[in-house]
Amino acid sequence: MGMTDGPNDDRSRWDRISKGSLRSARRLSSRRGREESGLFLVEGAQAVREALKWPGKVNLLATSDPVRDADHVEAAQRRGIRVALLTDGDVNALSDTVTSQGVFAVCRQVTRHELPDRDLRLAVICAQVRDPGNAGTVIRCADAFGADCVILTRGSVDPHNPKTVRSSVGSIFHLPVIVGVDLADAVEWAHNHQMTVLAADGGGHSLDAVARSGRLKKPIAWLMGNEAWGLPQEDRALADEVVGVPMWGSAESLNLSTAAAVVLYATASEQRA
C-alpha cells in the first residue's frame, strides 16, 4: 500500500524500501558511487529536515519509524517525494554511526565547481582538508557565522562524504560549497573580488591585534590548512597575512574546526559591529 494517508503506527501501511533502492543508497557511501550517480546520502533528523526544504533535491526519504519522523514524512509527501520504511537491518546497512537516528534522504548533489561571480564579505578557503568530520564542522561554522561560501580546494575530502554531511548538520544546504578549485585560483579569485586573504596558521600576527587594527572589518577570505601539516610555506606565501589565534593556556594548538570557529566569529563580529 502507498503512503497516502499520513503517518500511522501500523507498519503494514508503509512500503518497505526495495532491495534495489537499498543497494543504490548503500553505494552512496563510496565516492565512486556518488560520482557515478550524482547523488549523496543524508543521515539524521536535522540534516534531513534541511534537505527537505530544497525543492527538487530529495529523491527518497527512508525512515525506520514513520510516526517518530511524521514531520519529515509529511514534508516529503507534500513535495511528492517517495517515502520508504526501513528495518533495523536496513538502518545498519546504511548508517556508519554507532547509534543511528534511523532517518535518511537520498539527495541530488549540492556542490558547485564555479566560484561566485560577485563581491562577498566573508569566505573560507580550505586547502587540502582531508578529514571529513573537520570539513563538515568548518562548513557548519561558516554557516553559523554568516560566511558567503566555503571553497574546498583540489585534493580535499568530498563534501558529500556521509561523515562530512552529518558533521555539517544540514549546513551543507545553506551556503555555496565549491569544490575542485586549485588553491592559487581560489586566492586569485578572492583578490579579484577585493578580499584580503588571511592564512590561519601559527607564528603569524595575533588575531586580537588584527581585530583591533580594524582589518577584519574589510571583506576577508580565511585560508585554512590541512589537519596534519597545516599550510606549507608556498601556500602561506599566497596569503596577504598570516594570523594566529592567541592561546594563554598550555594547549599546543587548536584543531582545524576549532580554529575556524574562532577566526570566523571574530571576523563576523567585527564586520557587524
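Up top is the structure these notes are about.
Residues numbered from 1 in each chain as written. Predicted model: local features only at pLDDT ≥ 70, side-chain atom pairs only at ≥ 80, totals over all residues. Heavy atoms only, no water.

Enquirer: Residue-level account of the packing of aromatic side chains, with values.
Expert: Tallying each qualifying case throughout the model produces three aromatic pairs. An aromatic cluster of three or more residues is present, and its members are F40, W54 and F173. (Phe/Tyr/Trp six-rings, centres within 6.5 Å; stacked < 30°, edge-to-face > 60°.)

Enquirer: So, the pattern of salt bridges: which residues are in play, and what are the values?
Expert: Across all of its chains, the model carries 13 salt bridges by this definition. Close ionic contact of D201 with R236 constitutes a salt bridge, the shortest N to O distance being 2.6 Å. Placement of the pair is D201 in strand 8 (residues 196-206) and R236 in helix 10 (residues 233-236), with a sequence separation of 35 residues. Note that E270 is salt-bridged to K217, the shortest N-O span being 3.5 Å. In this pair, E270 is assigned in helix 11 (residues 256-272) and K217 in the loop between helix 9 (207-213) and strand 9 (220-224), connecting sequence segments 53 residues apart. (Salt bridge = Lys/Arg side-chain N within 4 Å of Asp/Glu carboxyl O. Helix = DSSP H or I, 4+ residues; strand = E, 2+ residues; numbered from the N terminus.)

Enquirer: Give a description of helix 6 (residues 132-144) that names residues and reports values.
Expert: When the terminal C-alpha atoms of helix 6 are compared, their 18 Å separation across 13 residues agrees well with the 18 Å that a helix rising 1.5 Å per residue should span. The complete set of buried residues in helix 6 reads P132, G133, N134, A135, G136, V138, I139, C141 and A142. The inward-facing, buried residues of helix 6 abut strand 5 (122-126), strand 6 (149-153), helix 7 (162-168), strand 7 (177-181) and helix 11. Capping of helix 6 at its N-terminal end is provided by D131; its side-chain oxygen lies 3.1 Å from the backbone amide nitrogen of G133. Looking one or two places after helix 6, you find G146, whose phi comes out positive at around 80°. (Expected span 1.5 Å × (residues − 1). Buried < 20%, exposed > 50% of the residue type's maximum accessible area, 1.4 Å probe, protein only. Contact = heavy atoms within 4.5 Å. Polar contact = N/O pair within 3.5 Å; in protein donor to acceptor, adjacent residues only side chain to side chain.)

Enquirer: Tell me about the sheet that holds strand 4 (residues 103-108), and name the residues and values.
Expert: Pairing is mixed in the open sheet, where four strands are placed in the order 1-4-2-3. The open sheet has two edge strands with one neighbour each: strand 1 (39-43) and strand 3 (82-85). Adjacent strand axes in the sheet meet at a mean angle of 20° when their direction is disregarded. As judged from the five bridges shared by strand 2 (residues 58-63) and strand 4, these two strands associate in the antiparallel manner. Across the sheet, residue L61 finds its bridge partner in strand 4, namely A105. Of the strands in this sheet, strand 1, strand 2 and strand 4 are in contact with helix 3 (residues 45-52), which crosses strand 4 at around 35°. Each of strand 2 and strand 3 touches helix 4 (residues 70-78); the most contacted strand, strand 2, lies at about 150° to it. (Pairing = 2+ DSSP bridges. Axes fitted to C-alpha atoms, helices over the stretch in contact; angles between N-to-C directions.)

Enquirer: Summarise the nonpolar core; cite the residues concerned and give the values.
Expert: The nonpolar side chains of a soluble globular protein tend to be buried with one another. V42, W222, M224 and L264 are the most contacted members of the largest nonpolar core, which totals 54 residues. Residue contributions to this core peak at six residues, all from helix 11. A127, A186, A190 and V242 belong to the second largest nonpolar core, which has 21 residues in total. (Core = buried A, V, L, I, M, F, W, Y, C linked by side-chain atoms within 4.5 Å.)

Enquirer: I'd like to hear about the layout of surface pockets, residue by residue, with values.
Expert: The space that makes up the largest pocket amounts to roughly 420 Å³. As for the largest pocket, its lining consists of 19 residues, and the residues nearest its centre are A200, D201, G202, L254 and A259. Elements supplying a minimum of two residues to the lining of the largest pocket: strand 8, strand 10 (241-244) and helix 11. The biggest single contributor to the lining of the largest pocket is strand 8, with four residues. Across the lining of the largest pocket, the residue classes tally to nine nonpolar, eight polar and two charged. In this structure, the second largest pocket occupies an estimated 230 Å³ of space. R31, H113, D158, P159 and V179 are the residues nearest the centre of the second largest pocket, which is lined by 17 residues in total. Counting residues per element, the lining of the second largest pocket draws most heavily on helix 2 (residues 31-37), at three residues. Considering only residue class, the lining of the second largest pocket consists of four nonpolar, eight polar and five charged. (1 Å grid on protein atoms, 1.4 Å probe; cavity = no way out; pocket = protein on both sides within 12 Å on 5 of 7 lines; lining within 4 Å. Points joined across faces, edges and corners; volume = space filled by probe spheres on them. Nonpolar A, V, L, I, M, F, W, Y, C, P; charged D, E, K, R; others polar.)

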